[in-house]
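Each chain is listed here by its residues.
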Amino acid sequence: MKVGIAGLGLMGSGIAKRLISTGHDVWVYNRDRSKTGPFSKDARVAASPIELASNCDLVITIVTNFDAVREVFFGDAGIAKSKDAPAIIADASTISPEQSAYCAQELRKGGIEMLGMPVMGGPAAAEAGELVPMVAGNRQAFEKARPVMEKMGKHVFYISEKDGAANAVKLALNLNIALIATAVSEGITLVKGSGIDPAVFVQVLNSTYFKTGLSEKKGPLMVANDYEPSFHLKNMLKDLELANDTAQAHGITLPTAALVQQMFRAANNSGYSEMDYTAICAFLAKINGMEGK
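Residues numbered from 1 in each chain as written. Predicted model: local features only at pLDDT ≥ 70, side-chain atom pairs only at ≥ 80, totals over all residues. Heavy atoms only, no water.

- Named according to an unreviewed UniProt entry, the chain is NAD(P)-dependent oxidoreductase originating from Nitrososphaera viennensis.

## Considering the layout of surface pockets
Right, on to step 1. Its boundaries defined by the atoms lining it, the second largest pocket holds a volume of some 280 Å³.
Right, on to step 2. Lining the second largest pocket are 16 residues, and of these Pro97, Glu98, Ala168, Thr246 and His250 lie nearest its centre.
Right, on to step 3. Within the residue set of the lining of the second largest pocket, elements represented by two or more residues are helix H4 (97-108), helix H7 (165-193) and helix H11 (233-249).
Right, on to step 4. Broken down by element, the lining of the second largest pocket gets its largest block of residues, five residues, from H7.
Right, on to step 5. When its residues are assigned to classes, the lining of the second largest pocket shows ten nonpolar, three polar and three charged. (1 Å grid on protein atoms, 1.4 Å probe; cavity = no way out; pocket = protein on both sides within 12 Å on 5 of 7 lines; lining within 4 Å. Points joined across faces, edges and corners; volume = space filled by probe spheres on them. Helix = DSSP H or I, 4+ residues; strand = E, 2+ residues; numbered from the N terminus. Nonpolar A, V, L, I, M, F, W, Y, C, P; charged D, E, K, R; others polar.)

## Overview of the UniProt feature "domain: 3-hydroxyisobutyrate dehydrogenase-like NAD-binding" (unreviewed entry) in the chain
Right, on to step 1. Taking the numbering used here, the UniProt-annotated feature "domain: 3-hydroxyisobutyrate dehydrogenase-like NAD-binding" (unreviewed entry) corresponds to residues 164-282.
Right, on to step 2. With 71% helix and 0% strand, residues 164-282 has end C-alpha atoms that lie 34 Å from one another. (UniProt positions renumbered as here; feature names shortened; annotations may be inferred.)

## As for the nonpolar core
Right, on to step 1. In this structure, Ile5, Ile15, Leu19, Ile60 and Met149 are the most contacted members of the largest nonpolar core, which totals 31 residues.
Right, on to step 2. Where this core is concerned, the elements lending two or more residues are strand S1 (2-6), helix H1 (10-21), strand S2 (25-29), strand S4 (58-61), strand S5 (88-91), helix H5 (123-128) and helix H6 (139-152).
Right, on to step 3. When residues of this core are assigned to their parent elements, the largest contribution, six residues, is made by H6.
Right, on to step 4. By size, the runner-up hydrophobic cluster in this structure holds 27 residues, among which are Ala178, Val202, Cys281 and Phe283. (Core = buried A, V, L, I, M, F, W, Y, C linked by side-chain atoms within 4.5 Å. Buried < 20%, exposed > 50% of the residue type's maximum accessible area, 1.4 Å probe, protein only.)

## A word on helix H8 (residues 198-205)
Right, on to step 1. Looking only at H8, the buried set comprises Pro198, Val202 and Leu205. Projected down its long axis, H8 carries its buried residues within an arc of 65 degrees, all on one side.
Right, on to step 2. In this fold, the buried residues of H8 make contact with H7, helix H9 (213-217) and helix H10 (219-223).
Right, on to step 3. Where H8 begins, the capping side chain belongs to Asp197, and its oxygen is found 2.9 Å from the backbone nitrogen of Ala199. (Arc of directions from axis to C-beta. Contact = heavy atoms within 4.5 Å. Polar contact = N/O pair within 3.5 Å; in protein donor to acceptor, adjacent residues only side chain to side chain.)

## Here's the deal with the UniProt feature "domain: 6-phosphogluconate dehydrogenase NADP-binding" (unreviewed entry) in the chain
Right, on to step 1. Per the UniProt record, the feature "domain: 6-phosphogluconate dehydrogenase NADP-binding" (unreviewed entry) sits at residues 2-159.
Right, on to step 2. This span, residues 2-159, is 37% helix and 22% strand, and a straight line between its end C-alpha atoms measures 25 Å.

## Comments concerning the pairing of S2
Right, on to step 1. With respect to burial, S2 is a largely interior element, four of its five residues being buried.
Right, on to step 2. Inspection of the sheet shows S1 paired to S2 by five bridges, in the parallel sense. If you follow Lys2 over to S2, its bridge partner there is Asp25.
Right, on to step 3. Following the backbone out of S1, through H1 and into the adjacent parallel S2, one traces a crossover that is right-handed.
Right, on to step 4. As paired elements, S2 and strand S3 (residues 44-45) share two bridges and run parallel to each other. Considered in S3, the bridge of Trp27 is made with Arg44. (Pairing = 2+ DSSP bridges. Right-handed = clockwise from strand over helix to strand, strands pointing away.)

The following block contains the structure:
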């Protein structure tokens, strides 16, 4: 299959590199054309979503938010305007279940099947083919696109025929990550405030049943105040807002999620938006007068 990638941020770039390295004929598109430069030798560069769609069998979209998704799909140069649109789009953007379902239903009117395909894993996992794609939508379209998805990750989960279902699972998973990051951050803050080296706390935590991949990989970085982003704090805030909005739409209360959303909002507004989402730890140090300690 000729595969198009729309969106060359941290994740989109990793996916593009992976598919190029596994022998696919890849086209790329990004609104900021400068980001396509590194791919000009190994992939074909499209000037618009229409050109991308017209030359590919499958288009993977992975952009920042719903506004960007709508622009790629339905804008003046959007995929839906193409006379030779691809049969399948797999949207890996993190948007709400309702937003994903809307896009799928609108695209279907033009004969395009859209699969919601949010993924778990960061840029390094994307480049290594170790993402975890979660897919919802037409089963036949999924089976056609599956060989490409299996190059992206060893475990591909088909969630449901129901449009938007995979996005609900994705938001629940990102909520889980935000809560764990906050818990580890508060543990580091408590130990540091007690005059104890927080590296000890992380070492002990990671020797117990209660360790997580986050505490093992990110914990030492948090202690070292290293917040080089693999996933920006501003994007985690966006996902927490989507999770809480989705809960409200279904009449569900998520008390801790609501509190953590407010913490991430405050951190975002305090200058930590472009840092890694684990910079919630740095924010806690700031509000407790512990910066630089």
